[in-house]
Amino acid sequence: MSVNLPAAASFMATHARLLDRRRFELLRGQTDVGAVLAAVDGYRNPDGGYGWGLEPDLRAAESQPGGALHAFEVFEDVAPGTSPHAAKLCDWLASVALPDGGLPFAVPVADPAGCAPFWAQADPAVATLQSTAFTAGVALRVARHDRSVREHPWLAAATRYCFRAIRELSEAPHAIELSFAVQFVDAAHDLHPEAPGLLDHLAAFVPPDGLAPVAGGSDGETLRALDFAPLPDRPARALFKDEVVEGELRRLAGEQQDDGGWRVDFANYSPAAELEWRGYATVRAVSVLQRNGVL
């Protein structure tokens, strides 16, 4: 497997937003935690949440669960460093959570310019497993090194909601929801005794080859084994045989484009979002390959 890291760095310098440039530099040991946290601060609102296009296809200013997902990803990146803004983000999530502990897919958007319809048209009165799992899952990963997140009441309530919703699944959910549910249970594995049984429950819905077509997505849009289980040292990796993972790592390395970056296979809703997703995807690809020992 061959990856051209200088070309990836050139792509990031040419096309990526500042946040992902800083995240890429942190991966390569070329910057510090403070620089990455300063970059994500630009997306933070006074209410403690994150908006302003931190989720590239949700460009509205308001704080959103989608923004929380990406902010928590940054707080995970900087481990073992922490930020006081992580607990404040939990406070904001508690303020928009529904009585059952679940999160709506999105809260109301005042100006939908540049926003994907599924974000702008979401019902704020309905909790979804997808949105709750995608925020709580990465928050649980942050919780491994940040006690203020680990002990926050919002995370406890969101975790209970996800456990209930996953337990009640009797058929395969949408591929994206399934991937976030698997990642959530994987993250909960270290902290909650219910998690291993729920991972076994979800395993029945995960294709052995890891290929999960995205209903309603772009032509050919498919989730793959590394979307469910990107890391070699986590319980979710047991869902796939070694040869499946090795093939997916080769595929990921081989998807580097001539310009040095990686692409996504889903639709984007503005020219800015298309480039931002490419920067995000390049950070993710290098991170996954690095953590799997390919780089």
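The coordinates are above.
Residues numbered from 1 in each chain as written. Predicted model: local features only at pLDDT ≥ 70, side-chain atom pairs only at ≥ 80, totals over all residues. Heavy atoms only, no water.

Novice: Would you mind showing me how to read the pattern of salt bridges here?
Specialist: Here the idea is simple: oppositely charged side chains can pair when their charged atoms come close. Tallied over the full model, the rule gives 15 salt bridges. Between glutamate 76 and arginine 141 there is a salt bridge, and its shortest N-O distance comes to 3.1 Å. Residue glutamate 76 is found in helix α4 (residues 65–77), and its partner arginine 141 is found in helix α7 (residues 129–143); the two are separated by 65 residues along the sequence. Each of the two residues, glutamate 76 as well as arginine 141, counts as buried. Residues glutamate 255 and arginine 251 are paired through a salt bridge, measuring 2.6 Å at the closest nitrogen-oxygen approach. Classification of arginine 251 as partly exposed rests on a relative accessible area of 35%. By sharing partners, the salt bridges in this structure join Arg17, Asp20, Arg23, Arg59, Asp77 and Glu276 into a single network. (Salt bridge = Lys/Arg side-chain N within 4 Å of Asp/Glu carboxyl O. Helix = DSSP H or I, 4+ residues; strand = E, 2+ residues; numbered from the N terminus. Buried < 20%, exposed > 50% of the residue type's maximum accessible area, 1.4 Å probe, protein only.)

Novice: Could you clarify how one ought to interpret empty space enclosed by the protein in this entry?
Specialist: A probe matching the size of a water molecule, rolled over the atoms, marks out where space remains unfilled. Applying the stated criterion across every chain yields a total of 2 cavities of 30 Å³ or more. When its volume is computed, the largest cavity comes out at roughly 40 Å³. In terms of lining residues, the largest cavity is bounded by Arg17, Leu19, Asp20, Arg23, Leu54, His70, Glu73, Val74 and Tyr280. Counting residues per element, the ones that place at least two in the lining of the largest cavity are α2 (18–27) and α4. Here the lining of the largest cavity is composed, by residue class, of 4 nonpolar, 1 polar and 4 charged. In this model, the second largest cavity occupies a volume close to 30 Å³. Around the second largest cavity, the lining residues are Tyr50, Gly51, Leu54, Glu55, Leu58, Ala60, Glu62, Gln64 and Gly67. Counted by class, the lining of the second largest cavity contains 4 nonpolar, 3 polar and 2 charged residues. (1 Å grid on protein atoms, 1.4 Å probe; cavity = no way out; pocket = protein on both sides within 12 Å on 5 of 7 lines; lining within 4 Å. Points joined across faces, edges and corners; volume = space filled by probe spheres on them. Nonpolar A, V, L, I, M, F, W, Y, C, P; charged D, E, K, R; others polar.)

Novice: Even after reading the chapter, I still don't get the environment of aspartate 190, so can you show me in this structure?
Specialist: Locating aspartate 190 in the fold gives a position in the loop between α10 (175–188) and α11 (195–203). For aspartate 190, a relative accessible area of 46% gives the class partly exposed. Taking C-alpha positions, aspartate 190 is 9.3 Å from leucine 140, a pair spaced 50 residues apart along the chain. With residues up to four places along the chain from it excluded, the contact list for aspartate 190 reads Arg144 and Arg234. (Contact = heavy atoms within 4.5 Å.)

Novice: What am I meant to see in α4 here?
Specialist: With 13 residues, α4 should cover 18 Å at 1.5 Å per step; its first-to-last C-alpha distance of 19 Å lies within 8% of that length. The buried count for α4 comes to 12 of 13 residues, which makes it a mostly enclosed element. All of the buried residues along α4 are Pro65, Gly66, Gly67, Ala68, Leu69, His70, Ala71, Phe72, Glu73, Val74, Phe75 and Glu76. (Expected span 1.5 Å × (residues − 1).)

Novice: What am I meant to see in unusual backbone geometry here?
Specialist: In this structure, the amide linkage connecting alanine 79 to the following residue, proline 80, adopts the cis form with an omega of 5°. Residue position: proline 80 is located in the loop between α4 and α5 (84–96). One non-glycine residue with positive phi stands out, namely tryptophan 52, at about 60°. Its location among the elements puts tryptophan 52 in the loop between α3 (33–41) and α4. We classify tryptophan 52 as partly exposed; its relative accessible area is 49%.

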